[in-house]
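Residue-level structure breakdown
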Amino acid sequence: MFGHRNMRRINWLGSSRCRLVKVDGLDLHVEDLNAIDGTPFLEVKPWFEEFGPRGQVRQPAWTTEMLRDYFAPAPPAP
């Protein structure tokens, strides 16, 4: 698997949507990025509402429950 959305991924590559806060020369400052410090950037793309799903988005309740603590800190290593 090349990349996926799991924050505890083993390959350190992922796909994430974040908010661009500031551009400082070649440095991009972002918020809400689902990445660990030092994660390599492969590309940056803009997000427009028109790129999102058309119409209402529906998902089963179990996905909301499963992802409830998605951004919680990882438990300490044994």
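Structure first, text after, so check above.
These remarks concern the structure in this document. (Residues numbered from 1 in each chain as written. Predicted model: local features only at pLDDT ≥ 70, side-chain atom pairs only at ≥ 80, totals over all residues. Heavy atoms only, no water.)

A few words on the overall build of the protein. Helix and strand counts for the protein come out as 1 helix and 2 strands. For the protein, the N- to C-terminal ordering of α and β elements is β-β-α. Within the protein, buried positions represent 9% of all 78 residues. A fraction of 43% describes how many contacts in the protein between residues 6 or more apart in sequence connect residues 24 or more apart. For the protein, the computed accessible surface area is about 7,600 Å², with 57% contributed by carbon and sulfur atoms. (Helix = DSSP H or I, 4+ residues; strand = E, 2+ residues; numbered from the N terminus. Buried < 20%, exposed > 50% of the residue type's maximum accessible area, 1.4 Å probe, protein only. Contact = heavy atoms within 4.5 Å. Areas by Shrake-Rupley, 256 points an atom, 1.4 Å probe, with all protein chains shown as cover.)

In this section: a nonpolar patch on the surface. Taken together, the side chains of Leu 20, Val 23, Leu 28, Val 30, Leu 33, Phe 41 and Val 44 present a nonpolar region at the surface, about 610 Å² in accessible area. Counting only elements with at least two residues in the nonpolar patch, the list comes to β1 (19–24) and β2 (27–31). Within the fold, Val 30 resides in strand β2. The partly exposed category is assigned to Val 30, whose relative accessible area is 31%. (Patch = residues over 30% accessible without salt bridge, like charges linked within 9 Å, V, L, I, M, F, W, Y side chains within 5 Å. Salt bridge = Lys/Arg side-chain N within 4 Å of Asp/Glu carboxyl O.)

Next up on the list: the packing of aromatic side chains. By the definition in use, this model includes 1 aromatic pair. Relative to Phe 51, the ring of Phe 48 lies with its centre 5.2 Å away and its plane at 80 degrees, an arrangement referred to as edge-to-face. For Phe 51, a relative accessible area of 53% translates into the label exposed. (Phe/Tyr/Trp six-rings, centres within 6.5 Å; stacked < 30°, edge-to-face > 60°.)

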